[in-house]
Amino acid sequence: MFGTAPSAQQLRDWDDQHVWHPFAPMQAYREEAAPIIESGEGFELIDVEGRRYLDGISSLWCNVHGHRVPEIDDAVRQQLDRVSHTTLLGLSSPPSIELAARLVEVVPEGLNHVFYSDSGSTAVEVALKMAFQYHKQTNHKQTTRPAKGPRNLFATVGGAYHGDTIGSVSVGSIELFHRLYGELLFQTISVPSPVALRRPAGETADGYLQKCFDEVERIVREHADRLAAFILEPLVQGAAGILVHPPGYLKHVRDVTRQYNIPLIADEVAVGFGRTGTLFACEQEQVQPDFLCLAKGLSGGYLPLAATLTTDEIFEAFLGDSAAGRTFFHGHTFTGNPLGCAAGLASLKLFQERDLLRNISRNSECLSRMLKPLQVHPHVAEVRQQGIMVGIELVQDRETLTPFPAARRTGHQVTLAARRRGLILRPLGDVVVLMPAPAMPEHQIQQLCETAIDCIEEVTERRAG
Ligand SMILES: *Cc1c(COP(=O)(O)O)cnc(C)c1O
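Overview of the structure. Worth saying up front: this structure is predicted, and the values here are computed from it rather than measured.

Regarding its fold elements, the chain presents 15 helices and 16 strands. For the chain, the C-alpha radius of gyration of 23 Å lies close to 23 Å, the compact-globule estimate for 465 residues. On the principal axes, the C-alpha backbone points of the chain span a range of 65 × 60 × 45 Å. A buried classification covers 52% of the 465 residues belonging to the chain. Taking the intrachain contacts of the chain between residues at least 6 apart in sequence as the baseline, contacts between residues at least 24 apart amount to 70%. Across the chain, the mean location of the 43 positive side-chain charges is 2 Å away from that of the 55 negative side-chain charges.

Another point: the packing of helix 4 (residues 70–80) against helix 12 (residues 338–353). Look at helix 4 against helix 12: their axes get within 8 Å of each other, and the N-to-C directions meet at 150°. Classified by the angle between their axes, helix 4 and helix 12 sit roughly antiparallel to one another. In terms of crossing hand, the pair formed by helix 4 and helix 12 is right-handed. Contact residues: helix 4 offers Glu71, Ile72, Ala75, Val76, Gln79 and Leu80, while helix 12 offers Pro338, Leu339, Ala342, Ala343, Ala346, Ser347 and Leu350. Across the contact of helix 4 with helix 12, the residue classes tally to 10 nonpolar, 2 polar and 1 charged.

Attention now moves to helix 9 (residues 205–222). An α-helical turn contains 3.6 residues, so any two residues separated by three or four positions project in the same direction. Between its first and last C-alpha, helix 9 extends 25 Å over 18 residues, near the 26 Å set by a 1.5 Å rise per residue. By the burial criterion, the buried members of helix 9 are Tyr208, Leu209, Cys212, Phe213, Glu215, Val216, Ile219 and Val220. Of the surrounding elements, those touching the buried residues of helix 9 are strand 6 (188–191), strand 7 (227–232) and helix 10 (249–259).

Looking now at the sheet that holds strand 15 (residues 423–424). Across the sheet, which stays open at both edges, the 4 strands sit in the order 1-2-3-15 with mixed pairing between neighbours. Edge positions in the open sheet fall to strand 1 (37–41) and strand 15, since each of these has one partner strand only. As judged from the 4 bridges shared by strand 1 and strand 2 (residues 44–47), these two strands associate in the antiparallel manner. Bridging from a neighbouring strand, glutamate 41 pairs with glutamate 44 of strand 2.

Near the ligand you find Ser119, Gly120, Ser121, Tyr161, His162, Gly163, Glu233, Asp267, Val269, Ala270 and Lys296, and these make up its full shell. Contacts to the ligand include glycine 120, whose backbone N or O atom sits 2.8 Å from an oxygen atom. Side-chain polar atom of serine 121 to an oxygen atom of the ligand: 2.6 Å apart, as the coordinates give it. Within the complex, the protein chains bury 83% of what would otherwise be the 380 Å² of accessible surface of the ligand. Each residue belonging to the shell around the ligand can be placed in one class, and the counts come to 3 nonpolar, 5 polar and 3 charged.

Criteria and cut-off values
Residues numbered from 1 in each chain as written. Predicted model: local features only at pLDDT ≥ 70, side-chain atom pairs only at ≥ 80, totals over all residues. Heavy atoms only, no water. Helix = DSSP H or I, 4+ residues; strand = E, 2+ residues; numbered from the N terminus. Rg over C-alpha atoms; globule rule 2.2 N^0.38 Å. Buried < 20%, exposed > 50% of the residue type's maximum accessible area, 1.4 Å probe, protein only. Contact = heavy atoms within 4.5 Å. Lys, Arg positive; Asp, Glu negative; His and termini not counted. Charge placed at Lys NZ, Arg CZ, Asp CG, Glu CD. Axes fitted to C-alpha atoms, helices over the stretch in contact; angles between N-to-C directions. Parallel < 35°, antiparallel > 145°, perpendicular 65-115°, else oblique. Left-handed = near helix turned anticlockwise from the far one by under 90°. Nonpolar A, V, L, I, M, F, W, Y, C, P; charged D, E, K, R; others polar. Expected span 1.5 Å × (residues − 1). Pairing = 2+ DSSP bridges. Near = heavy atom within 4 Å. Polar contact = N/O pair within 3.5 Å; in protein donor to acceptor, adjacent residues only side chain to side chain. Areas by Shrake-Rupley, 256 points an atom, 1.4 Å probe, with all protein chains shown as cover.

Below, the structure is given as structure tokens:
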């Protein structure tokens, strides 16, 4: 039965019959004959029919150095020759130890402890539980006032995305998720996203931003005795549509949370590993969070690996006699998997050896230059960019910001047009996302931009009506 490899057609049939794809309207998915990717080479993906595609979204924002990178492949192979998996529950392993030590060297100062998991959602989930438990075990001795009730409230930013497990959905505010799963979620309090494009009618951009800064202060002050933590995506809200925060906002959130002794959770799952122009986004405003969540690019985008880093102060609240029950009762079967950690180490080494930050800076300039024509396109509301993260928001009418009718799936149509031209994209609604890998060479950045512009022209002209 397992004698011969299945044909392309057989794979297509089985895919339709048996594979339930994530975040996919399955009925539409089946009608579309999506590429079945068989291999990768550099920054290209190759499907079972031999067609090549430029990977314009870093395989969902995680790939860093390209595909089949000899150095990372070798590191994983060498680890395969030792052992593929052992547990971190009660045991340890060289790759998980070395990666933790290397991470502590490169992240913002003060984050000395690394807790592994396997996805961005779980990295966030870990931070939420740790923050909650930290307060239980310290009785929040730093504040003057005793808590009025359980310290189980989390402050979040409007439109945030922190993952899709129940805890991470609770602290997110993607409208659709809350409509569907609201009854399963715990309570949070949110501040408005400091992004002026869709500010309320009658407000100036400056006035709106000032209000957003003030709201951080007000919410934290009013709920200071109930807050377990404040969580945010530093600099860029990814899944909300690549929303770029104004300078100083992150610093402001840190200053206010410090003033009230509220732990800050920086979710750098998307923005980490160079995407915003620095290795970590927090560096740009000299911010030291109490928790740092990493995933996507942590293993170079090779294997499911995540980490939640935290401070001595948090960690020490979990010490004490084992009978005292201060243990952090959390840990997945594949926590700190040695293959993932070996890939992570090799990726970090390459990042430094190849001076990727220079490449990122060049690519960031190239993206701005190439995408400039879109800034005056009649169906583009805004081209948002921070480093090598780009969101191009398509609208029916640029002046009134009237969106295209949702049923047209305009963003999705751009993705289909891109496939026909040998480019993989994935939109966020009608926001076309360009998320090239940090190591992509400039000529492929140009190809990415040229093709994306062609697709946007084709789809908006045909559909403008
Ligand atoms: C992708 C993402 C997550 C979730 O990561 P998964 O690995 O998909 O669980 C969490 N936070 C942010 C900011 C993300 O972009």
